[in-house]
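Notes for the structure review
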Amino acid sequence: MNRWIRKVAVVTGASSGIGAAIAKDLAKAGMVTIGLARRVERVEQLKQDLPKEAAARLHAMKCDVSVETDIERTFQRIRDTHGGVDVLVNNAGILRSNNLLDVGTTADLRAVLDTNVTGLVLCSQWAYQSMVERKVEGHIVHINSVAGHGVPNFPKLNIYPGTKHAVTAITEVMRQEMRAAESKVKVTSISPGGVRTEIFDGYPIPDDMVLLHSEDISEAVLYVIGTPPHVQVHELTIKPIGEIF
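I will try to describe carefully the structure that is included in this document.

Summing up its helical and strand segments, the chain has seven helices and seven strands in all. Ordered by position from N to C terminus, the α and β elements of the chain give β-α-β-α-α-β-α-β-α-β-α-β-α-β. Against the globule reference of 18 Å for 245 residues, the chain gives a C-alpha radius of gyration of 17 Å, in line with a compact fold. The C-alpha extent of the chain, read off along each of the three principal axes, is 45 × 45 × 35 Å. Of all 245 residues assigned to the chain, the portion counted as buried reaches 50%. When the 27 positive and 28 negative side-chain charges of the chain are each reduced to one mean point, those points stand 5 Å apart.

Counted residue by residue, strand S1 (residues 8-12) has five buried out of five residues, so it is predominantly covered. Alternating residues of S1 divide into Val8, Val10 and Thr12 and Ala9 and Val11, and every residue in both groups is buried. Bridge count between S1 and strand S2 (residues 32-37): five bridges; the pairing is parallel. The residue bridging Val8 from the neighbouring strand is Val32, located in S2. Tracing the backbone out of S1, into helix H1 (residues 17-28) and back to the parallel element S2 gives a crossover that is right-handed. With three bridges joining them, S1 and strand S4 (residues 87-90) adopt parallel strand pairing. Opposite Ala9, over in S4, you have Val87 as the bridge partner.

What follows is about the sheet that holds S1. The seven strands lie next to each other as S3-S2-S1-S4-S5-S6-S7, forming an open sheet whose pairing is parallel. In the strand order of this sheet, the two ends are held by strand S3 (58-62) and strand S7 (235-238), each with one partner. Between one strand axis and the next, the sheet turns by 15° as a mean value, whatever way the strands run. Across the sheet, helix H6 (residues 160-180) is in contact with strand S5 (139-143) and strand S6 (186-192); its angle to S6 comes to roughly 160°.

Take the nonpolar core next. By size, the foremost hydrophobic cluster in this structure holds 33 residues, and its most contacted members are Val89, Ile143, Ile190 and Ile225. Contributions of two or more residues to this core are made by S1, H1, helix H3 (52-57), S3, S4, S5 and helix H7 (214-225). For this core, the element with the highest residue contribution is H1, accounting for six residues. If we ignore the near neighbours within four places in the chain, the residues touching Val89 are Val10, Val11, Thr12, Ile22, Leu26, Val141, Ile143 and Val221. Counting 28 residues, the second largest nonpolar core, distinct from the first, contains Ile78, Ala92, Ile140 and Met178.

In a regular helix each residue adds 1.5 Å, so 21 residues correspond to 30 Å; H6 covers 30 Å between its end C-alpha atoms and thus fits that length. Every buried residue of H6 is listed here: Tyr160, Pro161, Thr163, Lys164, Val167, Ile170, Thr171, Met174 and Met178. In this fold, the buried residues of H6 make contact with helix H5 (106-133), S5 and S6. Within two residues after H6, Glu182 carries a phi angle of roughly 55°, on the positive side.

Running from N to C, H1 and H7 cross one another at 50°; their axes reach a closest spacing of 8 Å. One way to sum up the angle between H1 and H7 is to call them oblique. You can see that H1 and H7 cross each other, and the crossing is right-handed. Here H1 contributes Gly17, Ile18, Ala21, Ile22, Asp25 and Leu26 to the contact with H7, which in turn contributes Ser214, Glu215, Ile217, Ser218, Val221, Leu222 and Ile225. Classifying every residue of the contact of H1 with H7 by side-chain character gives eight nonpolar, three polar and two charged.

Reading the values: the criteria
Residues numbered from 1 in each chain as written. Predicted model: local features only at pLDDT ≥ 70, side-chain atom pairs only at ≥ 80, totals over all residues. Heavy atoms only, no water. Helix = DSSP H or I, 4+ residues; strand = E, 2+ residues; numbered from the N terminus. Rg over C-alpha atoms; globule rule 2.2 N^0.38 Å. Buried < 20%, exposed > 50% of the residue type's maximum accessible area, 1.4 Å probe, protein only. Lys, Arg positive; Asp, Glu negative; His and termini not counted. Charge placed at Lys NZ, Arg CZ, Asp CG, Glu CD. Pairing = 2+ DSSP bridges. Right-handed = clockwise from strand over helix to strand, strands pointing away. Axes fitted to C-alpha atoms, helices over the stretch in contact; angles between N-to-C directions. Contact = heavy atoms within 4.5 Å. Core = buried A, V, L, I, M, F, W, Y, C linked by side-chain atoms within 4.5 Å. Expected span 1.5 Å × (residues − 1). Parallel < 35°, antiparallel > 145°, perpendicular 65-115°, else oblique. Left-handed = near helix turned anticlockwise from the far one by under 90°. Nonpolar A, V, L, I, M, F, W, Y, C, P; charged D, E, K, R; others polar.

Shown next as structure tokens:
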């Protein structure tokens, strides 16, 4: 991780759960860390959990990644205030609990697609442009899901598995484009099983369902970005022991 000290990391969906854990760990690892979220005050509150020096490296910016103009404005602000992006962690993701064949769920469909797929691509475009312009051998990390490699037999996941399958394909498309451009930027998909986060709030989770912790995924992010320049972890799957999927 030494090569990333004082470099700039951007984490989407940083207000809670996996994103919050990643933002805190990157700041503790010495990176200038910008946590993007709609609930920006909750990113600010994360500083209370950090040592003073790490807290000073964590910056909160309000951004809704389902809104293109928000993304454009935010990445331009990051360029103006911090010089650009060296590491991007696309963590923002949402789940709407209803059946895919239910009528009248168009707003939910669009919200999930705009956040989980379109927002991820748009943030990656801006980050990659920043890396290329500054000749930075950066890293783009997508927080994917095991639902992006199969479809769990779990009720009311709706279009969520479809969006995560898209992330799996998008990761490979990006790798191919970077290879064709002879770029040294890396792209990685990290696919956790179930994680105990707010995304499952109000969701009927069995009492005996085993779940990962947000910190398990954050440790994986530190591992993949800490690999030598010639090593690219393309896909990393993490499951809790005994998971049924």
